[in-house]
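Topology and contacts: notes
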Amino acid sequence: MANGSRHTTAVVAGALVLLGALASCGTGGGTAGPSPQPSASAARTTGDSPHGAVPSDAAGSTNDLSPTAAGSADRSASRCRTAELSAAVGRMDPGAGQRNLPVVLTNVSSRTCTLYGHPGAAFVDAAGGQLGRDPKRTPGAPATVTLTPGASAWAGLSYASPGVSGARAATPAALLVTPPDERDPLKVPWTDGAVPMSGNASSVFLTVLEPGTGP
């Protein structure tokens, strides 16, 4: 073979080897494509969403409530409204200078509803003016109380007998009872005598709601 032909063949062969090497480097051993993305289910288990919210997936899921928020939403939808309840004060259970009474809320509606936490309460005079301060909420673990039509829940109202504690007292005309998360109260005539208003041992206490009409 002539020298010119051998030289041309060598040049062509070298070029082909170089092109092959470049092609191999560019593919990385496979077909080029976009970087892999985490699946929607994997994204929901990262825990990176604020407040524990579950992110919606590409299909437009509306699962964006945390368990706590979802529970609050359920309670809001099912809670007993003031107009669905009646209120009463049960029999006094005196003991060791202490007066204890159950404040009872009864479902008078035709649907099942729920109560959660402490009710509100305030003593008022005949003109509707409040006497003393709001009762203090005692520590407790609130639980949802489900009331079928006609069922009741109660909270304990307690205070030191004014005759024993020496606190300044007054006799209310009524007790206003406000269901949890409601604004409108229920008015219950008060027939259990004087209650402490100020001075030593003047605090009135109220417990969380429990099923039933009293202890």
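Residues numbered from 1 in each chain as written. Predicted model: local features only at pLDDT ≥ 70, side-chain atom pairs only at ≥ 80, totals over all residues. Heavy atoms only, no water.

Going by the annotation in an unreviewed UniProt entry, the name recorded for the protein chain is Lipoprotein, with Streptomyces caelestis given as the source organism.

1. Examining the nonpolar core
Formed by 27 residues in total, the largest nonpolar core has its most connected members in Leu-115, Phe-123, Leu-147, Leu-157, Tyr-159, Leu-175 and Trp-190. At four residues, the largest contribution of residues to this core is made by strand E8 (residues 152–160). When residues no more than four places from it in sequence are discounted, the contact partners of Leu-157 are Arg-99, Asn-100, Leu-101, Val-103, Phe-123, Pro-135, Leu-175, Trp-190, Val-204, Phe-205 and Leu-206. (Core = buried A, V, L, I, M, F, W, Y, C linked by side-chain atoms within 4.5 Å. Buried < 20%, exposed > 50% of the residue type's maximum accessible area, 1.4 Å probe, protein only. Helix = DSSP H or I, 4+ residues; strand = E, 2+ residues; numbered from the N terminus. Contact = heavy atoms within 4.5 Å.)

2. Some remarks on the side chain of Thr-82
Position of Thr-82 relative to the elements: it lies in the loop between helix H3 (67–78) and strand E1 (85–89). Judged by relative accessible area, which is 9%, Thr-82 ranks as buried. Within the local environment of Thr-82, its side chain forms a polar contact with the backbone oxygen of Asp-184, the two atoms lying 2.7 Å apart. When neighbours within four sequence positions are excluded, Thr-82 is seen to be in contact with Pro-179, Glu-182, Asp-184, Pro-185 and Leu-186. (Polar contact = N/O pair within 3.5 Å; in protein donor to acceptor, adjacent residues only side chain to side chain.)

3. What about the packing of aromatic side chains?
All told, the structure shown has one aromatic pair when counted by the stated rule. Note on Phe-123 and Trp-190: the rings are 5.0 Å apart at their centroids and 80 degrees apart in plane angle, and the pair reads as edge-to-face. With Phe-123 in strand E4 (residues 120–124) and Trp-190 in the loop between strand E11 (186–189) and strand E12 (195–198), this pair connects stretches of sequence that are 67 residues apart. (Phe/Tyr/Trp six-rings, centres within 6.5 Å; stacked < 30°, edge-to-face > 60°.)

4. Comments concerning the sheet that holds strand E10 (residues 174–178)
The strand order across the open sheet built from four strands is E5-E4-E10-E11, with neighbouring strands paired in antiparallel fashion. In this open sheet, the two edge strands, each paired with only one partner strand, are strand E5 (130–131) and E11. Pairing geometry for E4 and E5, over two bridges, is antiparallel. Following the sheet pairing, Phe-123 is matched in E5 by Leu-131. (Pairing = 2+ DSSP bridges.)

5. Points about the state of the cysteines
In a disulfide, the sulfur atoms of two cysteines are held together by a covalent bond. Overall, the coordinates contain one disulfide when judged by the stated rule. With its sulfur 2.0 Å from that of its partner, Cys-80 forms a disulfide with Cys-113. On the S-S bond that ties Cys-80 to Cys-113, the torsion sits near 90 degrees, and the link is right-handed. Highlighted residues: Cys-80 in the loop between H3 and E1 and Cys-113 in strand E3 (residues 113–115), separated in sequence by 33 residues. Using a relative accessible area of 0% as the deciding quantity, one classes Cys-80 as buried. (Disulfide = S-S within 2.5 Å.)

6. Some words on the layout of surface pockets
Volume-wise, the largest pocket comes out at about 190 Å³. In terms of lining, the largest pocket is formed by Arg-91, Asp-93, Asn-100, Leu-101, Pro-102, Trp-154, Gly-156, Leu-157, Thr-207, Thr-213, Gly-214 and Pro-215. Every element with two or more residues in the lining of the largest pocket is listed here: strand E2 (98–107) and E8. Residue composition of the lining of the largest pocket, grouped by class: five nonpolar, five polar and two charged. (1 Å grid on protein atoms, 1.4 Å probe; cavity = no way out; pocket = protein on both sides within 12 Å on 5 of 7 lines; lining within 4 Å. Points joined across faces, edges and corners; volume = space filled by probe spheres on them. Nonpolar A, V, L, I, M, F, W, Y, C, P; charged D, E, K, R; others polar.)

7. Re the side chain of Glu-182
Position of Glu-182 relative to the elements: it lies in the loop between E10 and E11. A polar side-chain atom of Glu-182 sits 3.2 Å from the main-chain amide nitrogen of Thr-82.

8. Considering the pattern of salt bridges
Counted according to the given criterion, the structure contains three salt bridges. Arg-79 is the salt-bridge partner of Glu-182, the closest N and O atoms lying 2.9 Å from each other. One end of the pair, Glu-182, is in the loop between E10 and E11; the other, Arg-79, is in the loop between H3 and E1, and 103 residues separate them in sequence. We classify Glu-182 as buried; its relative accessible area is 19%. Between Glu-182 and Arg-81 there is a salt bridge, with the nearest N and O atoms lying 3.7 Å from each other. Of this pair, Glu-182 sits in the loop between E10 and E11 while Arg-81 sits in the loop between H3 and E1, and the two are 101 residues apart along the sequence. With relative accessibility at 31%, the residue Arg-81 sits in the partly exposed group. (Salt bridge = Lys/Arg side-chain N within 4 Å of Asp/Glu carboxyl O.)

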